[in-house]
Amino acid sequence: MGRRVQKPDDLRTRLGEIAGWQTATRDDRQVAQELHATRAIERVHALDEAAFFDEFFHYLKSIEVWPLLERLDPAKRLGPLYPFVQLILFTLMRCVGGVQSLLATHDLLLTDEALMGVLGFNAYQVEHGATARGLGQRTQPLGVRGPFSYETVADNLVAISPAALVELFNGAVRCLARQGVFAKHLDVVLDATDDEATPTYQTDDGRPVPRVLREKRPEVRANRHAQKVEVTVYGWKLWIVWEPQSKIPLAMTIDDIQESDNQHAYAVLAQARKNIEGYATIRSVALDRGFLDGKLLAAIEADGILIYIPAKSNMTVTQEARSIARRAAAAAAQGRSVEGCVYRERHDTVTRGSGQKARTETRTTTLVGIGELPCDWWTPHGSSSQAHRKDFLPKLVRATVVL
């Protein structure tokens, strides 16, 4: 099935959804009650795309993000006709407006006089183009040409180095922190994700595309449990720290896809702390199993950060926790308790089915909290022979087991 073609109404709907920067909540019932009680409307705002982006760009200038955008210019163009920042602003228009592809930008953005006017182009340039390049090769007349082509945008954006993108990203977070958009104490998430490329992708400096061998399940819808096969994955890896309540990232770094998750985990978390320093503090961090490394966890804990991380099934600490949890559950059934454990149950009544076939059932969720569980690999030295020394004291962790 082909992708649905986007229309200007889709852009307007998208901007309407994010208008107000998500700082307000929608409550139609409260609005109706207020109108009924007061029978007055303070003001009516018409949604205009050009006005929206004009205010958005003004906001970027007011919080001092604009100089960061200007520094993205790789300075590789010879005799440029317009500033590089115009291509960056156009890309922001596309991303904020939810335009699915560069090809769709010709009808939704490049041929819109009002939107291009925000970027500094006049009506003649939108109609006939900023240059006469390529007109002699056309065999059919083109309606509204647009000030530049989306191919020009793509050719220039790929020249931006990953280091420049990381600098922009972290700098923008510092600008937001100065505006007080973050809470005083933050519980964050740290994750690493792949940014895959195709085997034919060509880097700007000519070096080979980073690659790694991995076992992946074939994309077969009829068999979700198909046997994994070894494939070559091309691209890069991103480490991101983000705050789940506001859904705003706090720091980012980029490296080759073959690097392990632990490679830049501590560095990106330290960068996040630096980005919000003086305005907020990171209280805790949630990690996935890919970051189960004693040295990394000990370094994060030494900074006074609480860590949440799931254990793997084949780990000794996991097997011991499950054994203690089963003993605690058996003791709770007899009205007793196990020292150092907390046993809790939650009963939820849910409705399954509908109509005459509807039925209710009670679901029970059982949790066992374990206060002091010895963990011999959570040390600044990681898993080593030091765990066999007589004077070795293991790290005591708190575990929660879901039965």
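Residues numbered from 1 in each chain as written. Predicted model: local features only at pLDDT ≥ 70, side-chain atom pairs only at ≥ 80, totals over all residues. Heavy atoms only, no water.

Colleague: In this structure, what is going on with the packing of aromatic side chains? I would like to understand it.
Modeller: Centre-to-centre distance and the angle between the planes together describe a pair of aromatic rings. Tallied over the entire structure, the rule returns 10 aromatic pairs. Ring geometry for Phe52 versus Phe53: centroids 5.3 Å apart, planes at 90 degrees, classification edge-to-face. Here Phe52 matches Phe53 in class, with each residue buried. Following the ring pairs from residue to residue traces out a cluster consisting of Phe52, Phe53, Phe56, Phe57 and Trp66. Against the face of Trp66 rests Lys61, its NZ or CZ located 4.6 Å from the ring centre. It is Lys395 that lies over the ring of Trp378; its NZ or CZ is 5.7 Å from the centre. (Phe/Tyr/Trp six-rings, centres within 6.5 Å; stacked < 30°, edge-to-face > 60°. Buried < 20%, exposed > 50% of the residue type's maximum accessible area, 1.4 Å probe, protein only. Lys NZ or Arg CZ within 6 Å of the ring centre and 35° of its normal.)

Colleague: Please explain the side chain of Asn275 as it appears in this structure.
Modeller: Along the chain, the position of Asn275 falls in helix α11 (residues 265-275). One polar contact links Asn275 to Gln271, side chain to side chain, over a distance of 2.8 Å. Excluding residues within four positions of it along the chain, Asn275 makes contact with Asn170, Val173, Arg174, Ala177, Leu250 and Ala251. (Helix = DSSP H or I, 4+ residues; strand = E, 2+ residues; numbered from the N terminus. Polar contact = N/O pair within 3.5 Å; in protein donor to acceptor, adjacent residues only side chain to side chain. Contact = heavy atoms within 4.5 Å.)

Colleague: What exactly am I supposed to notice about the pattern of salt bridges here?
Modeller: Pairing is possible between side chains that carry opposite charge, provided their charged atoms lie close to one another. In this structure the tally under the stated criterion is 11 salt bridges. Between Arg346 and Asp348 there is a salt bridge, and its shortest N-O distance comes to 3.3 Å. Among the charged side chains, a network of salt bridges with common partners joins Arg352, Glu361 and Arg363. (Salt bridge = Lys/Arg side-chain N within 4 Å of Asp/Glu carboxyl O.)

Colleague: How do you make sense of the packing of helix α3 (residues 49-62) against helix α5 (residues 84-97) when you look at a structure like this?
Modeller: Packed helices, taken two at a time, are described by the angle their axes make and the gap between the axes. It is at 12 Å that the axes of α3 and α5 come closest, and there the two elements cross at 120 degrees. Here the hand of the crossing between α3 and α5 comes out right-handed. Every residue of α5 that contacts α3 at Phe52, Phe53, Phe56, Phe57 and Leu60 is listed here: Leu89, Leu92, Met93, Val96 and Gly97. By residue class, the composition of the contact of α3 with α5 is 9 nonpolar, 1 polar and no charged. (Axes fitted to C-alpha atoms, helices over the stretch in contact; angles between N-to-C directions. Left-handed = near helix turned anticlockwise from the far one by under 90°. Nonpolar A, V, L, I, M, F, W, Y, C, P; charged D, E, K, R; others polar.)

Colleague: Looking at this structure, I do not really get the pairing of strand β5 (residues 281-286). What am I missing?
Modeller: On any regular strand, side chains alternate: one points to one face of the sheet, the next to the other face. Pairing geometry for strand β1 (residues 185-197) and β5, over 5 bridges, is parallel. Counted as the bridge partner of His185 is Thr281 from β5. Summarising the sheet, β5 and strand β6 (residues 306-308) pair through 3 bridges and their orientation is parallel. Residue Ala286 lies in a different strand from β6, and its bridge partner there is Tyr308. Tracing the backbone out of β5, into helix α12 (residues 294-302) and back to the parallel element β6 gives a crossover that is right-handed. (Pairing = 2+ DSSP bridges. Right-handed = clockwise from strand over helix to strand, strands pointing away.)

Colleague: Just checking my understanding: could you explain the packing of α11 against α12 for this structure?
Modeller: Their axes nearest at 10 Å, the elements α11 and α12 cross at an angle of 15 degrees. When the interaxial angle is binned, α11 and α12 end up roughly parallel. Handedness of the crossing formed by α11 with α12: right-handed. Counting all contacts with α11, which are made through Ala265, Tyr266 and Leu269, the residues of α12 involved are Leu296, Ala299 and Ile300. Of the residues that constitute the contact of α11 with α12, the class distribution is 6 nonpolar, no polar and no charged. (Parallel < 35°, antiparallel > 145°, perpendicular 65-115°, else oblique.)

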